Amino acid sequence: RLFLNSAVISMSSVVAATALGALAAFALAKLRFRGRELLFRLMLPLMVIPPVVLLVPQYKMMSAIGLVGSPLSVIVIYVGIMLPFTVYLLRNFFAALPDELLEAALLDGCGTFTMFWRVVLPLSGPALMTAGVVNFVFAWNELLIALVFLQNETSRTLVVGLTVFQSRFSLDVPVLMAGLTIATIPVLLVYLFGQRFLVRGLLAGSGK
């Protein structure tokens, strides 16, 4: 049950953050509108704000709308934390794509979203995979937010569940080590699957 909760929360957060981040990054990289650079520069400091600083206002907000204890509250918070890095990474990659390619798509009758879906995304595999791997590792291993917001035993994630294996006066080391091993396997598999994209994705657009 804990493993399933972690999988659902992590995958939902990664998919939502990557989808929203890709749309925002494309707009900031290729669409012309007033305040584009200012908006991008205001977003950059969000990457260095520690999540613990936002914990109290986040809890008050989620409590006010009745989402404390629901996995949705953690998913929403994770997406908010992941978005600045995702937008920054994908924006640099999209900015490196030649404008002539997009202009050719427009001449062929593509609208803005069709151009994004059929031209930009197929060329962005390394950057999308890099964002997905980094975000998945964060969501799977995150403890503090999940511990505060997921107070029901049925909604806890695997990392939170591991903390209940130890009490004040006892510690079942074999069970704890087995749980940590299980918690490590998905992260290891995701990294092994996406490692060939990581370097390409992180360096994408660095020369722009």
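In case you missed it, the structure is sitting above this.
Calculation notes
- Residues numbered from 1 in each chain as written.
- Predicted model: local features only at pLDDT ≥ 70, side-chain atom pairs only at ≥ 80, totals over all residues.
- Heavy atoms only, no water.
- Helix = DSSP H or I, 4+ residues; strand = E, 2+ residues; numbered from the N terminus.
- Buried < 20%, exposed > 50% of the residue type's maximum accessible area, 1.4 Å probe, protein only.
- Contact = heavy atoms within 4.5 Å.
- Areas by Shrake-Rupley, 256 points an atom, 1.4 Å probe, with all protein chains shown as cover.
- Core = buried A, V, L, I, M, F, W, Y, C linked by side-chain atoms within 4.5 Å.
- 1 Å grid on protein atoms, 1.4 Å probe; cavity = no way out; pocket = protein on both sides within 12 Å on 5 of 7 lines; lining within 4 Å.
- Points joined across faces, edges and corners; volume = space filled by probe spheres on them.
- Axes fitted to C-alpha atoms, helices over the stretch in contact; angles between N-to-C directions.
- Left-handed = near helix turned anticlockwise from the far one by under 90°.
- Nonpolar A, V, L, I, M, F, W, Y, C, P; charged D, E, K, R; others polar.

Time to look at the overall build of the chain. Tallying secondary structure elements over the chain gives 10 helices and zero strands in all. Each helix (α) and strand (β) of the chain, taken in turn from the N terminus, gives the series α-α-α-α-α-α-α-α-α-α. Residues counted as buried form 39% of the 208 residues belonging to the chain. Across the chain, every contact between residues at least 6 apart in sequence was considered, and the portion connecting residues at least 24 apart equals 79%. Working note: accessible area of the chain is about 11,800 Å², and carbon and sulfur atoms make up 69% of it.

Moving on to the nonpolar core. Formed by 25 residues in total, the largest nonpolar core has its most connected members in I9, V74, Y78, M82, W140, I145 and F149. Among the elements of the structure, α1 (2-30), α3 (55-64), α4 (71-96), α7 (125-141), α8 (144-149), α9 (158-163) and α10 (173-203) are those that each provide at least two residues to this core. With six residues, the single largest contributor to this core is α4. Excluding residues that lie within four positions of it along the chain, Y78 makes contacts with I9, S13, F138, A139, E142, I145 and A146. Formed by 21 residues, the second largest nonpolar core is a distinct cluster that contains A22, L102, V120 and A127.

Tallied over the full model, the rule gives one cavity of 30 Å³ or more. Roughly 30 Å³ of internal volume is contained in the largest cavity. Around the largest cavity, the lining residues are S6, I9, S10, A139, W140, E142 and T157. Sorting the residues of the lining of the largest cavity by element identifies α1 and α7 as the ones contributing at least two each.

Axis separation between α1 and α4 bottoms out at 6 Å; the angle between their running directions is 35°. Of the two elements, α1 crosses α4, and the hand of that crossing is right-handed. Grouping the amino acids of the contact of α1 with α4 by side-chain chemistry returns 22 nonpolar, five polar and two charged.

Of the volumes computed, that of the largest pocket is approximately 310 Å³. Along its surface, the largest pocket is lined by 14 residues, and L46, M47, I81, M82 and P84 are the ones closest to its centre. Considering every element that reaches the lining of the largest pocket, the biggest residue donor is α4, with five residues. A per-class count over the lining of the largest pocket returns 12 nonpolar, two polar and no charged. Computed from the structure, the second largest pocket encloses a volume of approximately 170 Å³. When residues of the lining of the second largest pocket are traced back to their parent elements, those giving at least two are α1, α7 and α10. Considering each element in turn, the lining of the second largest pocket owes the most residues, six residues, to α7.

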